[in-house]
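So you can see what is in the structure, the chains are spelled out below.
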Amino acid sequence: MKTFLCVLTMSFFSVFAYGQQEPDFEMEPFVFNQAEATFETPLPCENAYEKAKAGASLYLTGIGKVKSYYYIKGEASPLEIDNKTSNIIINTGDISPQQCLSIIKLDILKSKRRWKTGEAGTFTGASANEENGVVLKYKKYGENSVIISLSGLEPGEYCLAITNMITNSKSAKVYTFRIKE
């Protein structure tokens, strides 16, 4: 009987001591396996640089538009994710993901990927664009982390941008991935 009570007590302590494992560092995303509730693969961190392009009419007449883009070298991310079985987990430091994270669908060019960040026109004024931005679907996980659902994303190239990371206006660090077809 003493052995039974001892085993029962130890099992209660182990159940209550068990907690959800979270990423150790803030703002470092990982692929989260839904079936096993594990994460091992970090999302690759790549450099993005900004360029602005003006239309020919702006040079000739002074009337036109300037568009700015962030570019990432390479045709594709080295990480491919199956959005049916995996999500992204990130420790946000208990900050709302709506305030610090953006998932952006990338346009693919010959040797690089890009997304439009804004445009300024002579008569239309300036606008900040994130037309390729994706609405975040997430849920809290553990103390400081969130799991971002990828289930609604269509196949293609994406980047996870952390807004408080973008301190230099000419370059940024982004985490890239692609969704399987």
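Residues numbered from 1 in each chain as written. Predicted model: local features only at pLDDT ≥ 70, side-chain atom pairs only at ≥ 80, totals over all residues. Heavy atoms only, no water.

Asker: Help me understand the pattern of salt bridges, please; the structure alone is not making it clear to me.
Answerer: Side chains bearing opposite charge may pair, as long as their charged atoms lie close to each other. Using the criterion set out here, one finds six salt bridges in the structure. Of the charged contacts in the structure, one is a salt bridge between E46 and R113, with a shortest N-O distance of 2.9 Å. With E46 in strand β3 (residues 45–54) and R113 in strand β9 (residues 112–121), this residue pair connects regions lying 67 residues apart in the sequence. Take E46: its relative accessible area is 15%, and that puts it in the buried class. Note that D94 is salt-bridged to K140, the shortest N-O span being 3.0 Å. In this pair, D94 sits in the loop between β6 (86–91) and α3 (97–100) while K140 sits in strand β12 (residues 138–141), placing the two residues 46 residues apart along the sequence. A relative accessible area of 53% places D94 in the exposed class. What emerges from the salt-bridge pattern is a single network uniting E46, R113 and E157. (Salt bridge = Lys/Arg side-chain N within 4 Å of Asp/Glu carboxyl O. Helix = DSSP H or I, 4+ residues; strand = E, 2+ residues; numbered from the N terminus. Buried < 20%, exposed > 50% of the residue type's maximum accessible area, 1.4 Å probe, protein only.)

Asker: Could you clarify how one ought to interpret the sheet that holds strand β2 (residues 38–42) in this entry?
Answerer: Think of a sheet as strands paired side by side through backbone hydrogen bonds, with each pair either parallel or antiparallel. Strand order in the open sheet made by the five strands is β2-β1-β6-β13-β12, with antiparallel pairing throughout. Two strands lie at the open edges of the sheet, namely β2 and β12, each paired on one side alone. Across this sheet, the average inter-strand angle for adjacent strands is 35°, counted without regard to direction. In the sheet, β12 pairs with strand β13 (residues 145–148) via four bridges, with the strands oriented antiparallel. Note on β13: the bridge partner recorded for K140 is V146. (Pairing = 2+ DSSP bridges. Axes fitted to C-alpha atoms, helices over the stretch in contact; angles between N-to-C directions.)

Asker: How should unusual backbone geometry be read in this particular structure?
Answerer: Only a minority of non-glycine residues have a phi that is not negative, and only a minority of peptide bonds are not trans. A positive phi angle, close to 60°, is found at M27, a residue other than glycine. Structurally, M27 can be placed in the loop between α1 (2–17) and β1 (30–33).

Asker: How should I be thinking about the environment of Q34 in this particular structure?
Answerer: Looking at the element boundaries, Q34 is found in the loop between β1 and β2. By relative accessible area, Q34 is classed as partly exposed at 37%.

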